[in-house]
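Reading the structure
Chain residues, written in single-letter form:
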Amino acid sequence: MPELLEGYAFTIQWFPGHMTKAKRQMESELRMVDVVVELLDARIPRASANPLLKGLIGSKVKIVALNKTDMADPLATKAWLTYFKEAGLKALEVDCQKGRGVKALLTAMREAGQPVIDKWLKKGVRNHPIRIMIVGIPNVGKSTLINRILGKNKAAAQNRPGVTRNTQWVEIGKNLELLDTPGVLWPKFEKVETGFHLAVTGAIKEDVFDREMAASILLLRLKKRYPQELGASYGIAVEEMDTAESLLDKIGRARGALKSGGEVNRSKVVDLFLRDFKFGKLGPMTLEEP
Ligand code: G4P
């Protein structure tokens, strides 16, 4: 019996390729790293995490950065930060698009790497750099973050031998070096719920899942979780008795997504609703609780 989401048998037609190769590549890069920044999507901190990472980074210091907080529910973000801190992790919130929180992240990187500097100092080595790598699933904002950090420091770029795939260490502050290419982690689809969350936040391509089904499940979730925001975004009344179908209908009429006969254009309304959610147009919303 497949796991159902709000009564729907949601599936993802997706088969990861080159996983072993990517894992090996990351393993070799991680060997040179002191601090790992795991970038998560603040709307789905659980689904956007890869449990494989723990084994890969071993005892290295990890910082969790919740990104896209501009689109996430601030209360939920706060709850997640508390959750990570209670688990003994350094956790921060960022909005890499606008740059909010990036400065604090740089400070956290430096603090996290201090024990490494101290260790080298004890051996008589001064100014040994702390090496940092950013990792995360596709589309979580890794490149945006790296570009933000490197923006002002591109001139300091330098090559180091022994690094494959043209990656380079870029100096981003005194004794602080960032790998200019992020580590890409594969999302895990062990649970249908995870796949659904990755699908509606734009972490995976839209051609590998049923869009109408995803929109229907999401509508039912938002009806429960964020009914006011959903109603206000489209100027519709969201009622207890509403089904996914009736909500799609209301949104279609409110937005004028109609066929020539006046009937709602289903695929158009599914598209616009999924796009609105993906880009945070319905207001800040988080799909997962700690
Ligand atoms: P990646 O390297 O991890 O794969 O992700 P990347 O930086 O390419 O970012 C993916 C998308 O997410 C980009 O949108 C980027 O602008 C957006 N993004 C990154 N950080 C934030 C953030 O803090 N807030 C918001 N709202 N968006 C963020 P894009 O170029 O428009 O791509 P797409 O989403 O249209 O595919």
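Residues numbered from 1 in each chain as written. Predicted model: local features only at pLDDT ≥ 70, side-chain atom pairs only at ≥ 80, totals over all residues. Heavy atoms only, no water.

The cut-off we apply is this: UniProt positions are given in the numbering used here, feature names are shortened, and annotations may be inferred rather than shown by experiment.
Under an unreviewed UniProt entry, the chain has the name Ribosome biogenesis GTPase A and belongs to Acidaminococcus intestini. The chain has a UniProt comment under Function (unreviewed entry) that states "Required for a late step of 50S ribosomal subunit assembly. Has GTPase activity." Under Subcellular location (unreviewed entry), UniProt gives the following word-for-word description of the chain: "Cytoplasm".

1. Here's the deal with unusual backbone geometry
The phi torsion of most residues other than glycine is negative, and most of the peptide bonds are trans. To keep it simple, the criterion reads: Labels follow the DSSP assignment, with helices taken as runs of H or I lasting at least four residues and strands as runs of E lasting at least two, numbered in each case from the N terminus. Any residue under 20% of the maximum accessible area for its type is buried, any over 50% is exposed, and the rest in between are partly exposed; the area is computed with a 1.4 Å probe on protein chains only.
In this model, glutamate 6 sits at a positive phi of 45°, which is unusual for a non-glycine residue. Here glutamate 6 lies in the segment before helix H1 (19–30). According to the relative accessible area criterion, glutamate 6 is partly exposed, its value standing at 28%. For asparagine 127, which is not glycine, the phi torsion reads 55° and is therefore positive. With respect to the helices and strands, asparagine 127 occurs in the loop between helix H4 (102–122) and strand E4 (130–136).

2. So, the UniProt feature "binding site: GTP" (unreviewed entry) in the chain
Here is the rule we go by: Under the rule applied, a polar contact is a pair of N or O atoms within 3.5 Å (in protein, one hydrogen donor and one hydrogen acceptor; residues adjacent in sequence only if both atoms are side-chain atoms). Whether two residues are in contact is decided by their heavy atoms: any pair within 4.5 Å suffices.
Taken from the UniProt record, the annotation "binding site: GTP" (unreviewed entry) applies to Asn67, Lys68, Thr69, Asp70, Asn139, Val140, Gly141, Lys142, Ser143, Thr144 and Gly183. Sequence-wise these annotated residues cover 117 residues; spatially they are dispersed, their C-alpha atoms as much as 23.6 Å apart. Note that lysine 142 resides in helix H5 (residues 142–150). Exposure remark for lysine 142: the relative accessible area of 7% places this residue in the buried category. Reaching out from lysine 142, the side chain makes a polar contact with the backbone oxygen of isoleucine 137 at a distance of 2.7 Å. Among the structural elements, glycine 183 can be located in strand E7 (residues 183–184). We classify glycine 183 as buried; its relative accessible area is 2%. Leave out the neighbours within four places in its chain, and glycine 183 touches Met26, Met133, Ile134, Val135, Gly136 and Lys142.

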